[in-house]
Structure formats: C-alpha cells, structure tokens
Amino acid sequence: MIKRKLVDEYRLFRQQVTWVEYAVWWVVRFILLFALVNAIAQERSEATILQLGAEFGLSFLLPLLHLLP
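Now for a description of the structure that goes with this document. (Residues numbered from 1 in each chain as written. Predicted model: local features only at pLDDT ≥ 70, side-chain atom pairs only at ≥ 80, totals over all residues. Heavy atoms only, no water.)

1. A closer look at helix α2 (residues 19-41)
Along its 23 residues, α2 runs 33 Å from first to last C-alpha, staying within 8% of the 33 Å computed at 1.5 Å per residue. Contacts from the buried residues of α2 go to α3 (46-61). Positive backbone phi, at 55°, marks Glu-43, one or two positions downstream of α2. (Helix = DSSP H or I, 4+ residues; strand = E, 2+ residues; numbered from the N terminus. Expected span 1.5 Å × (residues − 1). Contact = heavy atoms within 4.5 Å.)

And the structure:
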C-alpha cells in the first residue's frame, strides 16, 4: 500500500513539475551540501553547521510532506 502511494505520488509529481524545476531542486541540494562540507572543513561555528545541515535535510523532507494524510 505504501509502495503504491509513493509510485502514484511520484507520477503526480512528474506531471506537475517540469524537468527544469526538478533540476533546480538538485542544484540547490548540491550547493547546500557543498556549503555544509565547506563549513565543516573550515571549522565554522556549530550554529552555522547545524543550520546548513538542517537546510540540507529539509530540501529532501519538504517534497515528502505532501505524502502525510
């Protein structure tokens, strides 16, 4: 049941979102990941690292929120 719902939601998503919008989401995720790794490497403040980590995680979580009833 969950697998079918995910497949149906993905089909609906692909109908509503153009490939350009989809590509932009992945570019933003890549930029956030790069910023997070860079902040860790440069030993930035914990608050900065935490914020970047949260933003990176939310970039994956937000599109999934519409699956909740």
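2. Some words on the environment of Trp-25
Locating Trp-25 in the fold gives a position in helix α2. Looking at Trp-25, the relative accessible area reads 37%, which means it is partly exposed. Note: C-alpha distance between Trp-25 and Phe-60 (35 residues apart in sequence) is 9.3 Å. In contact with Trp-25, other than residues within four places in its own chain, are Ser-59 and Pro-63. (Buried < 20%, exposed > 50% of the residue type's maximum accessible area, 1.4 Å probe, protein only.)

3. Remarks on the pattern of salt bridges
For the structure shown, the criterion picks out two salt bridges. The salt bridge involving Arg-4 is made with Asp-8; its shortest N-O contact spans 3.8 Å. Placement of the pair is Arg-4 and Asp-8 together in helix α1 (residues 2-16), with a separation of four residues, close to one helical turn. Between Asp-8 and Arg-11 there is a salt bridge, and its shortest N-O distance comes to 3.6 Å. (Salt bridge = Lys/Arg side-chain N within 4 Å of Asp/Glu carboxyl O.)

4. Side note on a nonpolar patch on the surface
A cluster of nonpolar side chains, Tyr-10, Tyr-22, Trp-25, Trp-26, Leu-58, Phe-60, Leu-61, Leu-62, Leu-64 and Leu-65, forms an exposed patch at the surface whose accessible area comes to about 940 Å². Every element with two or more residues in the nonpolar patch is listed here: α2 and α3. If you trace the backbone, Leu-58 turns up in helix α3. (Patch = residues over 30% accessible without salt bridge, like charges linked within 9 Å, V, L, I, M, F, W, Y side chains within 5 Å. Areas by Shrake-Rupley, 256 points an atom, 1.4 Å probe, with all protein chains shown as cover.)

5. Topic: the packing of aromatic side chains
As enumerated under the stated definition, the model contains two aromatic pairs in all. Relative to Phe-60, the ring of Trp-26 lies with its centre 5.7 Å away and its plane at 75°, an arrangement referred to as edge-to-face. Highlighted residues: Trp-26 in helix α2 and Phe-60 in helix α3, separated in sequence by 34 residues. Geometrically, the ring pair formed by Phe-56 and Phe-60 is edge-to-face, given 5.3 Å between the ring centres and 80° between the ring planes. On the criterion of helical spacing, the pair formed by Phe-56 and Phe-60 is a turn pair, its members being four residues apart in helix α3. In this structure an aromatic cluster arises from ring pairing among Trp-26, Phe-56 and Phe-60. (Phe/Tyr/Trp six-rings, centres within 6.5 Å; stacked < 30°, edge-to-face > 60°.)

Read these as geometric descriptors, not functional statements.
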